[in-house]
Amino acid sequence: MTKKRKFVYGQLNIFSVYCIVFVLQIVSVIGLQGLKIFVPEAVIVHSNVTLACQYDLEQASLYSVRWYFESEEFFRYVPTEKPPGRKFFVPGLVIDLEKSDATSVTIKDVTREVAGLYQCEVSEDAPLFHTDIRSAKMQVVELPDANPAITLVKRFLIPSETLKAYCTVGTSYPTANITWYINGRKVYKTPHQRISIQIYENKGVTSSLEIFPLSQILQDIFQSTTTYQTSFDILCEVSIFHIYNKNAMERIFVGDPSASVSPNLLNWEDATHPLRNGSKLIISNILPILLVIQIIKNVCTMPIL
């Protein structure tokens, strides 16, 4: 091959490369781009849910939109077909064709069976048939069958005692998250603050809390306690994703009630007494009496000037 031919072939190769780059740039401008999928992180069981697919075809035409659940196609939209929307059998998935189109698909009466990975695949029409796909996971939630409730081992606490409490919530799926707060301050696990979870089949979940006297939270409470501020609030917050969020709160009183009034007078030693069983009505009636007795005691013991 002469030097002249080599030069010509070299120029042609460079020209071909430029042409390819130019075509790719044009395709990127006029073809499918900006594909996004919108799938809720979690939905309530037996509700209807709409999954969406957003894309920009620019000057290209749409060939098809396909939806998959765990790699199985369950809905396809082809604008050139009559009707354009078509559903495919996948166990547990009930498609509402009237509310499904080129950008979204609606699933009716979702169950736990249809929790998992969803994919949206978009293809543009000839001549390029450029295709892109996006995926996202969805969880199906069964709400607790009972509201959260707190059980206190002791409603009155002195500085040398350990605070013990239990927060129970009904059965749910997935298991609810339980977070503890004292006077709005979140309680974390430390050597002096123990938090454990017990899950009972068909009976829900219970979080137990133990806070020892050396914990910073209890020390701060007892140091800030005054004659007129003799209690603090304990709260457990129960949540499941962004769907469920409820809490229960109880009040704990600082001090020893026996120092002001004998337990026998209130019949607290009786294990069947409503107060020992957590009756809010009895507590609301007795606590004001205790406070009045404490104030009278403080006044009587004050030195006479």
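Structure: above.
Residues numbered from 1 in each chain as written. Predicted model: local features only at pLDDT ≥ 70, side-chain atom pairs only at ≥ 80, totals over all residues. Heavy atoms only, no water.

A. Highlighting helix α2 (residues 216-224). Among all positions in α2, only Ile217, Leu218, Ile221 and Phe222 are buried. Along the axis of α2, the buried positions cluster into a sector of 125°, meaning they face one direction only. (Buried < 20%, exposed > 50% of the residue type's maximum accessible area, 1.4 Å probe, protein only. Helix = DSSP H or I, 4+ residues; strand = E, 2+ residues; numbered from the N terminus. Arc of directions from axis to C-beta.)

B. Region of the structure containing the sheet that holds strand β13 (residues 163-169). Read from one edge to the other, the open sheet built from four strands follows the order β11-β13-β17-β16, with strand pairing classed as antiparallel. If you trace the sheet from one side to the other, it starts and ends with β11 (149-152) and β16 (193-200), each paired once. Each strand axis lies, on average, 20° off the axis of its neighbour in the sheet, ignoring direction. Both β16 and strand β17 (residues 204-211) contribute to a ladder of eight bridges, which runs antiparallel. Among the inter-strand pairings, Ile197 is bridged to a residue of β17, identified as Ser207. (Pairing = 2+ DSSP bridges. Axes fitted to C-alpha atoms, helices over the stretch in contact; angles between N-to-C directions.)

C. Structural detail: the state of the cysteines. Counted according to the given criterion, the structure contains two disulfides. Between the sulfur atoms of Cys53 and its disulfide mate Cys120 the distance is 1.9 Å. When the S-S torsion is -115°, as for the bridge of Cys53 with Cys120, the disulfide is left-handed. With Cys53 in strand β3 (residues 49-56) and Cys120 in strand β9 (residues 116-124), this residue pair connects regions lying 67 residues apart in the sequence. Considered together, Cys53 and Cys120 belong to a single accessibility category, that of buried residues. A disulfide bridge connects Cys167 with Cys236, and the sulfur atoms are separated by 2.1 Å. The sign of the S-S torsion, about 55°, decides the handedness of the disulfide formed by Cys167 and Cys236: right-handed. Separated by 69 residues along the polypeptide, Cys167 in strand β13 and Cys236 in strand β18 (residues 231-240) bring together distant segments of the chain. Residue Cys167 is classed as buried on the basis of its relative accessible area, which comes to 0%. In the protein, the bonded cysteines, numbered by position in the sequence, are linked as 1-2, 3-4. (Disulfide = S-S within 2.5 Å.)

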